[in-house]
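# Remarks on the overall topology
These are the residues of each chain, in order.
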Amino acid sequence: MSKQIQIRRGTTSEHTNFTGAIGEITMDTDTKTIRVHDGTTVGGVPLARRDEIPATYQFPDNMDYVVEMQKPTAANNYAWYRKYKSGWIEQGGIANTPQQWISITLPHNMVNGFYTLVLSCSDTDYNANNVTIAYANKTATGFSLNTSLGGIYYPVEVGYYICGF
């Protein structure tokens, strides 16, 4: 047979003059809540009932957080993005350069072409350190990319990162 445990209990009024022992739990019989005691706080700390907790958490108005995203997968050519509540967007991907100039279409449109673009060569070839990466025609939907070695087209894999609105 199971054991029954009964904890100390009292009314809200009785709790206002009671200091429980460290770690003691008592029940407020008026509010039907549990109070946790630390040995010094008069009345203890009342714990909220489930019906006292808001159904949805409301973020502060000045807090920015991700509202939309795409994870990089092989199916989307490892393109990803994160759009924040403020409209700020971070995105990136990997571009292979099979020809001299290629067009990169962004996974998420920007407001215009005034965003920060960072390009990096991820080729492990010993010549990759000398590859020139150039871009042109930045628009809200993408940009053009060129890679060369000593002025001659050189095919490499380029990673891109974009941030802005």
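Below is a short write-up of the structure. In this convention, every chain numbers its residues from 1, walking through the sequence in written order. With the structure being a predicted model, the display of local features is reserved for residues of pLDDT at least 70 and the display and counting of side-chain atom pairs for 80 or more, all residues being used for whole-chain, interface and lining totals. Hydrogens and water molecules were not included; the side-chain quantities draw on all heavy atoms of the structure.

Moving on, we get to the overall build of the protein. Helix and strand content of the protein: 1 helix and 13 strands. Order of helices (α) and strands (β) in the protein, N terminus to C terminus: β-α-β-β-β-β-β-β-β-β-β-β-β-β. In this treatment the radius of gyration is a C-alpha quantity, and the globule benchmark scales as 2.2 Å times the residue count to the 0.38 power. For 165 residues, the compact-globule estimate of 2.2 N^0.38 gives 15 Å, and the C-alpha radius of gyration of the protein, at 30 Å, exceeds that figure by more than 25%. Within the span of the protein, comprising 165 residues, buried residues form 30% of the whole. What makes two residues a contact is simply this: any of their non-hydrogen atoms within 4.5 Å. Counted over contacts in the protein with a minimum sequence separation of 6, partners at least 24 positions apart contribute 45%. Only carbon and sulfur atoms are counted for the fraction: they give 55% of the accessible area of the protein, which is about 11000 Å². Helix numbering and strand numbering both begin at the N terminus, where a helix is a DSSP run of H or I of at least 4 residues and a strand a DSSP run of E of at least 2. Throughout, exposure labels follow a simple rule: accessible area from a 1.4 Å probe, protein chains only, divided by the maximum for the residue type, with under 20% read as buried, over 50% as exposed, and the rest as partly exposed. Note on areas: these come from Shrake-Rupley sampling with a 1.4 Å probe, and a residue is covered only by the protein chains present in the view.

What counts as a salt bridge is simple: a side-chain nitrogen of Lys or Arg found within 4 Å of a carboxyl oxygen of Asp or Glu. Here the structure, examined in full by the defined rule, presents 5 salt bridges. With a closest N to O distance of 3.1 Å, Asp 51 and Arg 49 form a salt bridge. Under the relative-accessibility criterion, Arg 49 is labelled partly exposed at 30%. For Glu 90, the salt bridge identified is with Arg 82, shortest N-O distance 2.9 Å. What makes Glu 90 buried here is its relative accessible area of 14%. When its relative accessible area of 31% is taken as the criterion, Arg 82 is described as partly exposed.

Attention shifts here to the side chain of Arg 35. The topology assignment puts Arg 35 in strand 3 (residues 33-36). Distance and chemistry together define a polar contact, namely a pair of N or O atoms within 3.5 Å, with one atom able to donate a hydrogen and the other to accept it when in protein, and with adjacent residues in sequence counting only for side-chain atoms on both sides. Polar side-chain contacts of Arg 35 include one of 2.9 Å to the backbone oxygen of Gly 43. Once residues within four sequence positions are removed from consideration, Arg 35 is found in contact with Thr 12, His 15, Glu 24, Ile 25, Thr 26, Asp 28, Gly 43, Val 45 and Pro 46.

All right, on to the pairing of strand 2 (residues 25-28) then. Burial along strand 2 is one-sided: the residues Thr 26 and Asp 28 are buried and none of Ile 25 and Met 27 is. When DSSP locates at least two bridges between a pair of strands, those strands are taken to pair. Summarising the sheet, strand 1 (residues 8-10) and strand 2 pair through 3 bridges and their orientation is parallel. What sits directly across from Arg 9, in strand 2, is Met 27. As paired elements, strand 2 and strand 3 share 4 bridges and run antiparallel to each other. Of the residues in strand 3, the one forming a bridge with Asp 28 is Thr 33.

We now examine the sheet that holds strand 9 (residues 116-121). The strand order across the open sheet built from 5 strands is 5-6-7-13-9, with neighbouring strands paired in antiparallel fashion. One side of each edge strand has no neighbouring strand; the edge strands of this open sheet are strand 5 (66-70) and strand 9. Mean inter-strand twist for the sheet, computed between neighbouring axes without regard to direction, equals 15°. Examined bridge by bridge, strand 9 and strand 13 (residues 157-164) share 6 bridges and lie antiparallel to one another. Looking at the pairing, Leu 119 lines up with Tyr 160 of strand 13. Each axis is a line fitted through C-alpha atoms, and for a helix only the stretch in contact is used; angles between axes span 0 to 180 degrees, taken between their N-to-C directions.

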